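Below, each chain spelled out in residue letters.
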Amino acid sequence: MIDRIILVKFGEQTTQEQLEEIVERFQALKQHLSGVIEVNAGINFSDNNKGYQLVLRVRFEDKAALEAYGPNPHHQAVAALIREYGREDSVAANIEV
């Protein structure tokens, strides 16, 4: 299995409601992706968050499912929403579990 973890930092103009909408839309991706075991998303409440407000995680069956995730149109729509709402930076990590 593969876990993909993404931390996202937004600008000051991004509202709490927009963050919550992204979380909801990201979690809904599971129904549109094949080879996905689990999808988690939430607002980062850590005191040491370095300004990264969102944590997004997808657990895939295998690397093929991870590779299909990127170009998936439903994933691309959520990625576009994240950019529209003021993404300033993001960090992604993929690990085998």
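Located above this text is the structure these notes cover.
Residues numbered from 1 in each chain as written. Predicted model: local features only at pLDDT ≥ 70, side-chain atom pairs only at ≥ 80, totals over all residues. Heavy atoms only, no water.

## Some points on the nonpolar core
By size, the foremost hydrophobic cluster in this structure holds 24 residues, and its most contacted members are Phe10, Phe26 and Phe60. Contact partners of Phe60, with chain neighbours within four places excluded, come to Met1, Ile2, Arg4, Gly35, Val36, Ile37, Ala65, Leu66 and Tyr69. (Core = buried A, V, L, I, M, F, W, Y, C linked by side-chain atoms within 4.5 Å. Buried < 20%, exposed > 50% of the residue type's maximum accessible area, 1.4 Å probe, protein only. Contact = heavy atoms within 4.5 Å.)

## Focus: a nonpolar patch on the surface
Side chains of Met1, Ile37, Ile95 and Val97 sit close together on the surface and give an oily, nonpolar patch of about 320 Å² of accessible area. Checked against the element boundaries, Ile95 lands in strand 4 (residues 87–96). (Patch = residues over 30% accessible without salt bridge, like charges linked within 9 Å, V, L, I, M, F, W, Y side chains within 5 Å. Areas by Shrake-Rupley, 256 points an atom, 1.4 Å probe, with all protein chains shown as cover. Salt bridge = Lys/Arg side-chain N within 4 Å of Asp/Glu carboxyl O. Helix = DSSP H or I, 4+ residues; strand = E, 2+ residues; numbered from the N terminus.)

## Concerning the pattern of salt bridges
For the structure on display, the rule yields 5 salt bridges. Residue Asp3 is joined to Arg57 by a salt bridge in which the shortest nitrogen-to-oxygen separation is 3.2 Å. Pair noted here: Asp3 is in strand 1 (residues 2–10) and Arg57 is in strand 3 (residues 52–60), with a separation of 54 residues, a long-range link. The exposure class assigned to Asp3 is buried, which follows from its relative accessible area of 5%. Here Arg57 makes a salt bridge to Glu38, at a shortest N to O gap of 2.9 Å. Taken together, the residues Arg57 in strand 3 and Glu38 in strand 2 (residues 36–43) connect sequence positions 19 residues apart. Relative accessible area serves as the criterion here: at 18%, Arg57 is assigned to the buried category. By relative accessible area, which is 30% here, Glu38 ends up partly exposed. Beyond isolated ion pairs, a larger network of salt bridges with shared partners links Asp3, Glu38, Arg57 and Arg59.

## What about the pairing of strand 1?
Here strand 1 pairs with strand 3 via 8 bridges, running antiparallel. The partner of Ile5 across the bridge, within strand 3, is Arg57. For strand 1 and strand 4, the ladder comprises 9 bridges, and the chain directions are antiparallel. Each bridged residue has a counterpart across the sheet, and for Ile6 the counterpart in strand 4 is Ala92. (Pairing = 2+ DSSP bridges.)

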